[in-house]
Structures are given as structure tokens and as C-alpha cells.
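Inside the fold
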Amino acid sequence: MKLLTCSLLLLGMAAVQATATPACPDGGTLSTFLASGYSCQIGDKIFSSFTYTSSAFGGALAVPAAGVTVDTLGPAGSGASLLNADIGLQFNAGWNALAGQTTDSAIGFTVTVLGGHAMTIEDFGLAQVSGVLPNGNASVIENGCGPAPCTPSELAVMTFDYGGSNTQRVADTMFTPVASVTVTKDISVSGGTRGSPHPSIVQDTFSQIPEPGPGLLMGLPFVALGALGLRHVGGRVRRHGG
């Protein structure tokens, strides 16, 4: 009986490892994420179904996917390279425009929580780092919906920088908790008649209830062993961020 139990445990671990989602890479370009069928994991969240488009007018240059660097955000224990209360992605690129110019980029993807409805997403937040000379402007509008698959039109959050006091570089929105969301970010930069906006970083984060502690985040690859009568007990910390 002990031999059979050990064999089942080994088979279960092998099956989990064989089907495990790779960790989201840091410092690479968005081109990697756009590969057909690509998905990756940060802590207890799976990121998949990435899309990207970019356009430019008035002599500005569109930003290709190879020109967008991606880094991971999350709390200690999530495997993310940049510490944040919530799990998410950071996009870094040279979006810019001079007077009379505009550039526009749209980044989309789906976020799914491991464990489904046991832990659900209730909030997504945006933050942008930018420099703007009036009367230019840099804005990021994110539309979302859930549960996925769905068309991102039900929820919206926006950040904007006009180079003055009328600026909101951080924002978030709360909604009825769901196990997955699809989001699309429209990063728009306009030089106006004499401005010079240049956003460089856009952060996108997702919070949930209940939020797992680091012990649970590290133990997620072995959840399939629960079917063999084993269980993992982890602390939970309630966080809110954006």
C-alpha cells in the first residue's frame, strides 16, 4: 500500500510539472508574449491571449512590439522582479510625440486566477510614469470585463498627464469579483500644438479576495496533490493596491 501511495505521489508531481505554466519572463520584449498559445504565470495568476497594435500620425513613429519591454510585479514570494502589493505587468517603451504628432498603442491580455472561484479578482489598477510639456497629453484608458472570454467594454479605468495640476497618474476600479478578466489598454500620446509628452512606464495590476500569503503562492505548483488526500494550509493577507 505504501509503495502504491508513493507511486501515485510521484505520478501526480510529474503530471503537475509536465503541465505547469512557465513563469512570466522579465526584461524581455512584448514580442515573446504575442506568440500563438503563449501563457505565463506570476504567483497565483495566469496571463494569456496577448494582443498588440500600434499606430502613429503627423510624423511620429509607431512603437513595435519588440520596442516594449515587459517586467513582472507582485508581492514577495510571487516570483515577480518588482515588488508590488498586487500582481501584474509593467510595460516600458519610448512612446512620445512632438507638436502636431500622435502615437497610439493598445495592449490586451487575459488574467486567470488559479483555483478559479476560490480566489477572485475584484480590482484592477493603472499607473503611468511620464513627462509632459503643456499642451501635450499622455493617457492610458483600460477597458475590461469578466469572466473571460468576453469583450472588454464593461469596466474602465483611466490615467492621464497634461503636464500640470490636472493630472491623474494612478487610478483603479473595483467590480463584482470574478475568476478571470480580459483587459485592453489604449496608450495615447498627443503633442497638441506645442507640447512634448513621453510616457515611459505603464503598470497594470490585479487584486483579489482572498489574497494568498507568500506560502500559498510558493505552494501553488503542487495543488494537484490535493486529490491524493494531501492539503496545504497557508496564511492569507488582505491587501489593496493599485
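The following refers to the structure shown.

So, how was this worked out
Residues numbered from 1 in each chain as written. Predicted model: local features only at pLDDT ≥ 70, side-chain atom pairs only at ≥ 80, totals over all residues. Heavy atoms only, no water. Pairing = 2+ DSSP bridges. Helix = DSSP H or I, 4+ residues; strand = E, 2+ residues; numbered from the N terminus. Phe/Tyr/Trp six-rings, centres within 6.5 Å; stacked < 30°, edge-to-face > 60°. Buried < 20%, exposed > 50% of the residue type's maximum accessible area, 1.4 Å probe, protein only. Core = buried A, V, L, I, M, F, W, Y, C linked by side-chain atoms within 4.5 Å. Contact = heavy atoms within 4.5 Å. Salt bridge = Lys/Arg side-chain N within 4 Å of Asp/Glu carboxyl O. Disulfide = S-S within 2.5 Å.

With respect to the pairing of strand 3 (residues 45-57)
Here strand 2 (residues 39-42) runs beside strand 3; their pairing, made up of four bridges, is antiparallel. Its bridge partner being in strand 3, Gln-41 is matched across the sheet by Ile-46. Between strand 2 and the antiparallel strand that follows it, strand 3, lie two residues; Gly-43 among them carries a positive phi value of about 55 degrees.

A look at the packing of aromatic side chains
Inspection of every chain in the model, using the stated rule, returns ten aromatic pairs. With centroids separated by 6.3 Å and ring planes inclined at 70 degrees, the aromatic side chains of Phe-47 and Phe-206 adopt a geometry described as edge-to-face. Of this pair, Phe-47 sits in strand 3 while Phe-206 sits in strand 13 (residues 198-209), and the two are 159 residues apart along the sequence. Comparing Phe-47 with Phe-206, the two get one shared label, buried. Between Phe-91 and Phe-109, the aromatic rings sit 6.2 Å apart at their centres with planes inclined by 35 degrees, giving tilted as the arrangement. Taken together, the positions of Phe-91 in strand 6 (residues 87-92) and Phe-109 in strand 7 (residues 102-113) put the pair 18 residues apart, joining distant regions of the chain. One aromatic cluster is present, built from ring pairs that chain together Phe-33, Tyr-38, Phe-47, Phe-50, Phe-91, Phe-109, Phe-124, Phe-175 and Phe-206.

Overview of the nonpolar core
If you look at the biggest cluster of nonpolar residues, it comprises 40 residues, and the most contacted ones within it are Leu-30, Phe-47, Phe-91, Trp-95, Phe-109 and Phe-206. Leave out the neighbours within four places in its chain, and Phe-109 touches Phe-47, Ser-48, Ser-49, Phe-50, Leu-89, Phe-91, Val-181, Thr-182, Val-183, Lys-185, Asp-204 and Phe-206.

Some details on the pattern of salt bridges
For the coordinates displayed, the defined rule picks out four salt bridges. When the shortest N-O distance is used, the salt bridge between Lys-45 and Asp-44 registers 3.6 Å. For the pair Lys-45 and Asp-44, one class covers both residues: buried. Two residues, Asp-161 and Arg-169, come together in a salt bridge whose shortest N-O distance is 2.9 Å. Taking the relative accessible area as the measure of exposure, Asp-161 reaches 1% and is therefore buried.

Some remarks on unusual backbone geometry
Put simply, Pro-134 and Asn-135 share a cis peptide bond, and its omega is 5 degrees. Tracing the backbone through its elements, the reader meets Asn-135 in the loop between strand 8 (120-131) and strand 9 (137-145). Cis rather than trans, the peptide bond between Gly-146 and Pro-147 has omega equal to 0 degrees. Its location among the elements puts Pro-147 in the loop between strand 9 and strand 10 (155-161).

Regarding the state of the cysteines
The bond known as a disulfide is covalent and runs between the sulfur atoms of two cysteines. Taken as a whole, this structure holds two disulfides when the rule is applied. Linked covalently through their sulfurs, Cys-145 and Cys-150 form a disulfide whose S-S length is 2.0 Å. The disulfide joining Cys-145 to Cys-150 has a torsion of about 100 degrees about its S-S bond and is therefore right-handed. Assigning the bonded cysteines of the protein chain consecutive numbers by sequence position, one obtains the connectivity 1-2, 3-4.

Considering the environment of Thr-51
Relative to the assigned elements, Thr-51 resides in strand 3. Separated by 18 residues in the primary sequence, Thr-51 and Phe-33 have C-alpha atoms spaced 8.5 Å apart. Beyond its immediate sequence surroundings of up to four residues, Thr-51 is in contact with Leu-34, Ala-106, Ile-107 and Gly-108.

Take it as geometry only, folks, not as evidence of what the structure does.
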